[in-house]
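Listed below are the residues making up each chain.
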Amino acid sequence: MLLYTYISIVEEENILEQYNSKLYSLQEKNLISRAQLDHFLQRGLQIINPSNKHFNLFSLAKFLPYIIIGASKDYIDKLNIPYQATSYVAAESSPNSDRYIYKIPLKEGGGVHQLTGGKRKFGDNLYASTHKIIMGYQAILSSIYNLVQNKKQTLDWRFYANHFVQSSPDLYEDLCKLNEIYSRQTSSPQYFIIVARHAKSFQRSGIIDFYLKNQIAIFNQTVRKIIFLTDQSGYDYCSKVIKESDDIKYVTTGDKFNIHDGLRNLKKKYKINLILNDGGRIMSNGFKENGVIGEERVTLEPYPGKEFLDFENKDHLLKDCTLGIKGTGLDGSELNGGLLAHSSKINGEEKANVYVYPLYDREML
């Protein structure tokens with residue numbers, strides 16, 4: 001047991017050393033600035049080993065020996081806003097392509113089912129489950145439009161993990177244990193955070209009609225409280241119907257919506273350190289442009305076949321459907337403006353990747 005523990009420690013140190021060496025190499029090649037190098041070194045990594053004595057999750061460790069978070073706990077604690085991560089599944093747009101597609105137009109659910117070959121893939125279910133648990137145990141954030149589009153879902157990790165109940169019961173049990181471990185790490189309530197920038201967002205989404213008809217699943221659960229993040233006009237419009245209570249709160253940013261002020265209020269008032277951003281690509285991109293998303297976790301899938309994904313003679317659709325293209329990242333990886341911090345293969349064909357984005361230290365520390 002002591003030998004196993006020693007080997008695990010050495011492997012964890014190697015992951016961090018390789019990451020730091022990569023950062024220094026990128027700076028030497030002028031692919032990242034000195035300020036970006038210092039930022040990423042200061043952030044560090046969290047390296048979670050599911051098989052160590054704190055977890056003992058050996059079935060999970062067979063597939064994900066290490067789970068990486070793109071910032072140390074000390075760094076996250078020092079931020080004046082919650083640390084955010086978002087996640088996607090993406091497939092090659094054609095065999096051995098450098099382009100990865102995250103949605104298919106005019107398909108139910110954005111065509112995710114088709115991206116993974118017409119069925120939920122093992123690796124994506126596993127990676128999405130652990131991501132929801134580890135990054136979302138305090139709070140899960142969604143745009144109001146994404147919430148209404150997925151109104152029948154509770155946005156819960158079990159949506160993905162339930163696929164293992166029959167096929168891999170030991171793995172499902174480990175995911176349940178992982179959730180219990182992280183749920184115990186906070187004495188504060190768990191939250192759903194719904195972003196609606198102003199009154200028009202509430203109006204366009206149609207949320208009030210769905211709420212009055214009791215058609216939105218998250219209002220019928222007791223695990224998480226709900227916070228609307230909006231401006232004064234949004235509060236004035238929505239709170240008349242969806243009233244504040246012990247389970248429903250509003251955080252407003254004054255007459256004009258300000259994401260930095262809103263996030264600072266969430267951390268200060270509700271003690272939220274981590275947020276899983278499940279808000280959809282448009283909102284996630286907006287958050288990245290404001291420098292408030294720290295990382296993106298992506299399950300990269302091989303090309304599922306022409307019967308599922310066919311963009312031949314449809315170049316006009318590619319831009320809106322593309323998650324990333326190899327060579328556009330800070331380190332030449334797939335995601336524009338980010339760099340690949342860690343990659344794990346699951347079942348030989350799926351890749352569980354963690355990409356990190358620079359944060360604006362001067363505003364956030």
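Please read all numbers here as calculations on a predicted model, not as lab measurements. (Residues numbered from 1 in each chain as written. Predicted model: local features only at pLDDT ≥ 70, side-chain atom pairs only at ≥ 80, totals over all residues. Heavy atoms only, no water.)

### A word on the side chain of Ser143
Here Ser143 lies in strand S5 (residues 139-143). Among all residues touching Ser143, those that are not within four sequence positions of it are Ile194, Val195, Gly279 and Met283. (Helix = DSSP H or I, 4+ residues; strand = E, 2+ residues; numbered from the N terminus. Contact = heavy atoms within 4.5 Å.)

### Observations concerning the packing of aromatic side chains
In total, this model carries eleven aromatic pairs according to the counting rule given. Where Tyr88 meets Tyr102, the ring centres are 5.7 Å apart and the plane angle is 80 degrees; that geometry is what we call edge-to-face. Here Tyr102 lies in the loop between strand S4 (99-101) and helix H5 (112-115) and Tyr88 lies in strand S3 (residues 83-92), a separation of 14 residues in the sequence. Classification of Tyr102 as buried rests on a relative accessible area of 13%. Ring pairs connect the aromatic residues Phe202, Phe228, Tyr235 and Tyr250, which therefore count as one cluster. The aromatic ring of Phe192 is capped on one face by Arg224, whose charged end is 5.4 Å from the ring centroid. (Phe/Tyr/Trp six-rings, centres within 6.5 Å; stacked < 30°, edge-to-face > 60°. Buried < 20%, exposed > 50% of the residue type's maximum accessible area, 1.4 Å probe, protein only. Lys NZ or Arg CZ within 6 Å of the ring centre and 35° of its normal.)

### A look at the nonpolar core
One finds Ile207, Phe228 and Leu266 to be the most contacted residues of the largest nonpolar core, which totals 101 residues. Here this core takes six residues from helix H10 (residues 169-183), the largest share from any one element. Those residues within four positions of Leu266 in sequence are excluded, and the remaining contacts are Pro82, Ile193, Ile227, Leu229, Val251, Lys271, Ile272 and Ile275. Counting eight residues, the second largest nonpolar core, distinct from the first, contains Ala91, Leu115, Leu309 and Phe311. (Core = buried A, V, L, I, M, F, W, Y, C linked by side-chain atoms within 4.5 Å.)

### So, H10
With 15 residues, H10 ought to run about 21 Å at 1.5 Å a step, and its terminal C-alpha atoms sit 21 Å apart, in line with that. Within the span of H10, buried status applies to Leu171, Tyr172, Asp174, Leu175, Leu178, Asn179, Ile181 and Tyr182. Summarising the contacts, the buried residues of H10 are in contact with strand S1 (46-48), helix H3 (58-63), helix H6 (122-136), helix H8 (158-161) and helix H9 (164-167). (Expected span 1.5 Å × (residues − 1).)

### Things to note about the pattern of salt bridges
As enumerated under the stated definition, the model contains 14 salt bridges in all. A salt bridge links Lys177 to Glu173; its shortest N-O distance comes to 3.5 Å. Here Lys177 pairs with Glu173, and both are found in helix H10, just four residues apart, close to one helical turn. For Glu173, a relative accessible area of 40% corresponds to the partly exposed category. Arg281 is the salt-bridge partner of Glu296, the closest N and O atoms lying 2.9 Å from each other. (Salt bridge = Lys/Arg side-chain N within 4 Å of Asp/Glu carboxyl O.)

### Focus: the environment of Phe63
Mapping Phe63 onto the fold places it in helix H3. A residue is classified by how much of its surface remains accessible, and Phe63, at 24% relative accessible area, is partly exposed. Between the C-alpha atom of Phe63 and that of Ser344, which follows or precedes it by 281 residues, the distance is 8.7 Å. With near-sequence residues (within four places) excluded, Phe63 lies in contact with Phe122, Leu126, Leu171, Lys345, Ile346 and Asn347.

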